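Here are the chains, one letter per residue:
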Amino acid sequence: MDWPIAEVARMSGVTARTLRHYDEIGLLPPVRIGANGHRYYGQAQLLRLQQILVLRALGLGLPEIGRVLAEQVDEVEALRGHHRRLLAERDRLDTLAGTVSRTIADLERSRKDGTAMTAINRPENLFEGVEPSQYLQSLRDFPEHAEEVVRTVAGMSPQDVEAGQRERTAQMIRLAELMAAGHAAGAAPVQAEVDVQYRALTALRAVTADEYRAIGRACVDNAAWHAAYEAVAPGLAAYQRDAIAAYADARLA
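Because the structure is predicted, anything quoted here is derived from the model rather than measured. For every chain, the first residue of the written sequence is number 1, and numbering continues from 1 onward in sequence order. Selection of residues for local features in this predicted model requires a pLDDT of at least 70, selection of side-chain atom pairs for listing and counting requires 80 or more, and totals for whole chains, interfaces and linings are taken over all residues. Note that water and hydrogens are dropped before the side-chain values are worked out from all heavy atoms of the structure.

Chemist: An account of the overall build of the chain is requested, with residue identities and associated values reported.
Modeler: When its secondary structure is counted, the chain shows 13 helices and three strands. Burial statistics for the chain: of 253 residues in total, 35% are counted as buried. Across the chain, every contact between residues at least 6 apart in sequence was considered, and the portion connecting residues at least 24 apart equals 60%. Residue-level accessible areas treat just the shown protein chains as cover; the underlying method is Shrake-Rupley with a 1.4 Å probe. As displayed, the chain has an accessible area near 14500 Å², and 55% of this comes from carbon and sulfur atoms. Only DSSP runs of H or I covering at least 4 residues are called helices, and only runs of E covering at least 2 are called strands; the numbering of each starts at the N terminus. Only protein chains enter the accessibility calculation, which uses a 1.4 Å probe. A residue is then buried if its area is under 20% of the maximum for its type, exposed if over 50%, and partly exposed in between. Here, residues are in contact when the closest pair of their heavy atoms is within 4.5 Å.

Chemist: Hey, could you go over the side chain of Gln191 for me, with residue numbers and the actual values?
Modeler: Residue position: Gln191 is located in helix H10 (residues 188-202). Discounting residues that sit within four places of it in the chain, Gln191 has contacts with Ala185, Gly186, Ala243, Ala246, Tyr247 and Arg251.

Chemist: Which residues make up helix H4 (residues 62-71), and what values go with them?
Modeler: Looking only at H4, the buried set comprises Leu62, Ile65 and Leu69. Buried residues of H4, viewed axially, fall in a sector of 55°; they line one side. For H4, exposure combined with an orientation more than 90 degrees from the buried face picks out Pro63, Ala70 and Glu71. Note that the arc is defined by the directions from the helix axis to the C-beta atoms.

Chemist: Give me the lowdown on the packing of aromatic side chains, citing residues and values where you can.
Modeler: Working definition: rings of Phe, Tyr and Trp (its six-membered ring) pair if their centres are within 6.5 Å, and the pair is stacked with planes under 30 degrees apart, edge-to-face with planes over 60 apart, and tilted otherwise. Under the definition given, this model contains three aromatic pairs. With a centroid separation of 5.4 Å and 45° between ring planes, the pair formed by Tyr198 and Tyr247 is classed as tilted. Taken together, the residues Tyr198 in helix H10 and Tyr247 in helix H13 (residues 236-252) connect sequence positions 49 residues apart. Here Tyr198 falls in the buried class, since its relative accessible area comes to 13%. Taking the relative accessible area as the measure of exposure, Tyr247 reaches 3% and is therefore buried. Plain terms: the ring middles of Tyr212 and Tyr247 are 5.9 Å apart, the flat faces sit at 80° to each other, and that makes the pair edge-to-face. Placement of the pair is Tyr212 in helix H11 (residues 209-221) and Tyr247 in helix H13, with a sequence separation of 35 residues. Assigned by exposure class, Tyr212 and Tyr247 land together as buried.

Chemist: I'd love a proper account of the pattern of salt bridges, names of residues and values included.
Modeler: Opposite charge on two side chains permits pairing when their charged atoms draw close. What counts as a salt bridge is simple: a side-chain nitrogen of Lys or Arg found within 4 Å of a carboxyl oxygen of Asp or Glu. Counting across every chain of the model gives ten salt bridges. With a closest N to O distance of 3.5 Å, Asp195 and Arg251 form a salt bridge. With Asp195 in helix H10 and Arg251 in helix H13, this pair connects stretches of sequence that are 56 residues apart. The closest approach of N and O atoms between Arg241 and Asp242, which form a salt bridge, is 3.0 Å. One network of salt bridges, with partners in common, ties together Asp195, Arg199 and Arg251.

Chemist: Give me the lowdown on the packing of helix H12 (residues 223-232) against H13, citing residues and values where you can.
Modeler: Between H12 and H13, the shortest axis-to-axis distance is 7 Å and the interhelical angle comes to 110°. Here H12 lies roughly perpendicular to H13, going by the angle between them. Across the interface between the two elements, His226, Tyr229, Glu230 and Val232 from H12 touch Leu236, Ala237 and Gln240 from H13. Axis geometry follows a simple rule: fit a line to the C-alpha atoms, using only the stretch in contact for helices, then measure angles between N-to-C directions, giving values from 0 to 180 degrees. In this scheme, roughly parallel covers angles under 35 degrees and roughly antiparallel covers those over 145, while 65 to 115 is roughly perpendicular and the rest are oblique.

Chemist: How would you explain the nonpolar core if you had to name every residue and give the values?
Modeler: Core analysis: the largest hydrophobic core is formed by 29 residues, its most contacted members being Val190, Val194, Tyr212, Ile215, Leu236 and Tyr239. Breaking this core down by element, the ones donating at least two residues are helix H9 (158-180), H10, H11, H12 and H13. Broken down by element, the residue count for this core peaks at six residues, all from H13. When residues no more than four places from it in sequence are discounted, the contact partners of Ile215 are Phe142, Leu201, Val207 and Trp225. The term nonpolar core refers to a set of buried residues drawn from Ala, Val, Leu, Ile, Met, Phe, Trp, Tyr and Cys, joined through side-chain atoms within 4.5 Å.

Chemist: How would you explain the environment of Arg48 if you had to name every residue and give the values?
Modeler: The topology assignment puts Arg48 in helix H3 (residues 43-57). What makes Arg48 partly exposed here is its relative accessible area of 26%. For the pair Arg48 and Pro29, spaced 19 residues apart in the sequence, the C-alpha separation amounts to 10.0 Å. In protein, a polar contact requires one atom able to donate a hydrogen and another able to accept it; more generally it is a pair of N or O atoms within 3.5 Å, and residues adjacent in sequence count only if both atoms are side-chain atoms. Among the polar contacts made by the side chain of Arg48, one reaches the main-chain carbonyl oxygen of Leu27 at a distance of 2.6 Å.

Chemist: Provide a residue-level description of the packing of H3 against H4, including the pertinent values.
Modeler: A pair of packed helices is characterised by two quantities: the angle between their axes and the separation of those axes. Their axes nearest at 10 Å, the elements H3 and H4 cross at an angle of 130°. Accordingly, the angle class assigned to the pair H3 and H4 is oblique. Seen along the crossing, H3 lies across H4 with a hand that is right-handed. Only Leu62, Ile65, Val68 and Leu69 of H4 make contact with H3, whose side of the interface consists of Arg48, Gln51, Ile52, Leu55 and Arg56. Amino acid classes used here: Ala, Val, Leu, Ile, Met, Phe, Trp, Tyr, Cys and Pro are nonpolar; Asp, Glu, Lys and Arg are charged; the rest, including Gly, are polar. Considering only residue class, the contact of H3 with H4 consists of six nonpolar, one polar and two charged. Take the far helix as your reference; a near helix turned counterclockwise from it by less than a right angle gives a left-handed crossing, and one turned clockwise gives a right-handed crossing.

This is the structure:
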């Protein structure tokens, strides 16, 4: 049995336009094209579409998905591999959900009785369940920097990677404390923190003023970054963006 593109779109939730695009790039050709010009898909194509959607959910881009599908030999073994990755991702998301839940409770308790956040005492807790792969994916708008991060991380031990993550979290918390104390984004203590961040970036590669401003805007515009900052303190993403803009205007212009 063959299904027309409209029916496949309805069943899968993928738009007909996307299905046509998958055909155009050779990722998912239809089994046939009718006399009316409509695309039709068979069972094999539906199974392939399932794999494409699974791999997309796991964060792979279309070129990577094409390579994975081209290299696989046995569909059942390939699906077993996808299944294992999905289970691992489920466990990671469960951990991340627990992290966010604890942070919410911590913030509510802190606001109610004025006690310090437990997460600030152990800042690594804020990012339990967040993996380096998510950080690298969030750097998609800065490919040159992402390449340097990949090269650097490849030469680091797991302990060094974890220490780096803790330091980045600690930087965010220090910035949140300055924000809570009422310091403007351009104030000297804030700019000192931003200078530490900038020097860490330029230790990997040169970063221009315009690129640094773009990185600052990504703190708000990039969903993953925004969520990470807001998990520390509401408004911190915009505060970081403004602090970076002030730093670029004052020191990099």
